[in-house]
Amino acid sequence: MEIPDIKSQLTIANVLHYYSLKPDKSSKMCCPFHEDKTPSMQIYYKTQTAYCFSSNCKTHGKSMDVIDFIMYKENCTKHEAIKKAEDILNPTTGNKEISREQFLTNMFTYFRNAINNFKPAKEYLEKRGLDFTRIEIGYNSGQFHHGERKTEELLKQALEVGLLQDKGQINTRTGEKGFSPFVKWCICFALRNRKNEVTGLYFRSSHKYNVCFKKIGLLKIVVCTYFSIAKRNIISIQSNLFLYELLTLFLSIR
């Protein structure tokens, strides 16, 4: 890739995220190129550059673009920094892309754990008489693609399965591409196949101003779950309880 191509595609926010560096709300951070107890590096998202104001820094007096930043961070030549920038843009880590089922399983596990962190979700379930400690219910706050969880692979697969939508948004502060969560503030259920793999996620809004279903109605979950249980011959008190609670939720929809 040519240098102009790299600079047009690789943002300073991408580079900082790659090195696990996070500026504060004023776009300042401790400089990674010298001992820095108070933030002396300023990030300029509009120009995609960084500048350290400390006279103790080897970069002092130089406004660094993304390639310069990589060069100093890797302590390498400019040619090597360009190659590294290409790797950041097009990672070739050799890691296998996980299957759709595994990705959905990972996301549902995250959604299930999220219930404990959101009081409104727990209160909503309590009002509906649903015990999330006994049946599998998750909650999507719409934050799963932020912070340390944000990776190119997660964004790619979340777009593929429909958990994120690309509406052409741009973060005005960082210059990064933004994505909209498809089902924000929703409780969710997992639909599994005979191998007990998660093959789909179904959502019910818990927001009082948005009580519509996303993608598919809960009735289909009830029907599919019933036939799945019947085919596997695992009718039990637990499965009956699960179906009962799903039907209770379905009948409560207004």
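Predicted model, so just to flag it, every value in this text is computed and none were measured.

Participant: Sorry if this is basic, but what is going on with the overall build of the protein here?
Facilitator: Check the secondary structure of the protein and you find nine helices and nine strands. Restricting the contact set of the protein to residue pairs at least 6 apart, pairs at least 24 apart contribute 51%. When the accessible area of the protein is evaluated, it comes to approximately 15100 Å², of which 51% is carbon and sulfur surface.

Participant: Would you take a moment to explain the packing of helix α3 (residues 66-74) against helix α4 (residues 78-89) for this structure?
Facilitator: Two packed helices can be described by the angle between their axes and the distance between those axes. At a closest axis distance of 8 Å, the pairing of α3 and α4 adopts a crossing angle of 105°. In this view, α3 runs roughly perpendicular relative to α4, as classed from their interaxial angle. The residues of α4 that touch α3, namely those facing Ile67, Ile70, Met71 and Glu74, are Lys78, Ala81, Ile82, Lys84, Ala85 and Ile88. Residues of the contact of α3 with α4, tallied by class, amount to seven nonpolar, no polar and three charged.

Participant: Explanation requested: the sheet that holds strand β2 (residues 41-44) in the structure shown.
Facilitator: For sheets, the rule is that strands pair by backbone hydrogen bonds, running either parallel or antiparallel. If you trace the three strands from one edge of the open sheet to the other, you get β1-β2-β3, paired in antiparallel fashion. Edge positions in the open sheet fall to β1 (28-29) and β3 (49-52), since each of these has one partner strand only. Examined bridge by bridge, β2 and β3 share four bridges and lie antiparallel to one another. Looking at β3, one finds that Met41 is bridged to Cys52.

Participant: Where do I start with unusual backbone geometry in this structure?
Facilitator: Most peptide bonds take the trans form, and the phi angle of most residues other than glycine is negative. A positive phi is found at Ser20, a non-glycine position, where the angle reads about 55°. Inspection of the secondary structure assignment puts Ser20 in the loop between α2 (12-18) and β1. Even without a glycine there, the phi angle at Ser27 is positive, about 65°. Assignment of secondary structure puts Ser27 in the loop between α2 and β1. Taking the relative accessible area as the measure of exposure, Ser27 reaches 9% and is therefore buried.

Participant: Can you help me understand the side chain of Asn140 in this one?
Facilitator: Among the structural elements, Asn140 can be located in strand β4 (residues 138-140). Those residues in contact with Asn140, other than ones at most four positions away along the chain, are Phe111, Val183, Lys184, Trp185, Cys186 and Phe203.

Participant: Please clarify how the state of the cysteines should be interpreted in this entry.
Facilitator: Structurally, a disulfide amounts to a covalent bond that connects the sulfur atoms of two cysteines. Applying the stated criterion across every chain yields a total of zero disulfides. Free cysteine: Cys52, not disulfide-bonded; nearest cysteine sulfur from Cys31 at 3.7 Å. On the accessibility criterion, Cys52 (0% relative accessible area) is buried. Just so you know, Cys188 is unpaired, no disulfide at all, and the nearest cysteine sulfur is the one on Cys186, 8.7 Å from it. For Cys188, a relative accessible area of 0% translates into the label buried.

Participant: Please clarify how the packing of helix α5 (residues 100-114) against helix α7 (residues 152-161) should be interpreted in this entry.
Facilitator: Relative orientation of the contacting elements α5 and α7 amounts to 100°, with a least axis distance of 11 Å. As far as their axial angle goes, α7 and α5 are roughly perpendicular. Counting all contacts with α5, which are made through Arg100, Phe103 and Leu104, the residues of α7 involved are Leu154, Gln157, Ala158 and Val161. Of the residues belonging to the contact of α5 with α7, the class tally is five nonpolar, one polar and one charged.

Participant: Please explain the nonpolar core as it appears in this structure.
Facilitator: Across soluble globular proteins, nonpolar side chains have a tendency to be buried as a group. Formed by 28 residues in total, the largest nonpolar core has its most connected members in Leu10, Phe33, Met41, Ile43, Phe69 and Ile70. Of all the secondary structure elements, the ones that give two or more residues to this core are α2, β2, β3, α3 and α4. Sorting elements by how many residues they give to this core places α3 first, with six residues. Aside from chain neighbours lying at most four places away, what touches Ile43 is Ile12, Leu16, Pro23, Ser27, Met29, Thr49 and Ala50. Formed by 20 residues, the second largest nonpolar core is a distinct cluster that contains Ala158, Leu163, Leu164 and Leu201.

Participant: Just to check I follow, could you spell out the environment of Val161 for this structure?
Facilitator: By the element assignment, Val161 lies in helix α7. With relative accessibility at 11%, the residue Val161 sits in the buried group. The spacing of Val161 and Gly200 is 39 residues in sequence and 8.9 Å in space, taken between C-alpha atoms.

Calculation rules
- Residues numbered from 1 in each chain as written.
- Predicted model: local features only at pLDDT ≥ 70, side-chain atom pairs only at ≥ 80, totals over all residues.
- Heavy atoms only, no water.
- Helix = DSSP H or I, 4+ residues; strand = E, 2+ residues; numbered from the N terminus.
- Contact = heavy atoms within 4.5 Å.
- Areas by Shrake-Rupley, 256 points an atom, 1.4 Å probe, with all protein chains shown as cover.
- Axes fitted to C-alpha atoms, helices over the stretch in contact; angles between N-to-C directions.
- Parallel < 35°, antiparallel > 145°, perpendicular 65-115°, else oblique.
- Nonpolar A, V, L, I, M, F, W, Y, C, P; charged D, E, K, R; others polar.
- Pairing = 2+ DSSP bridges.
- Buried < 20%, exposed > 50% of the residue type's maximum accessible area, 1.4 Å probe, protein only.
- Disulfide = S-S within 2.5 Å.
- Core = buried A, V, L, I, M, F, W, Y, C linked by side-chain atoms within 4.5 Å.

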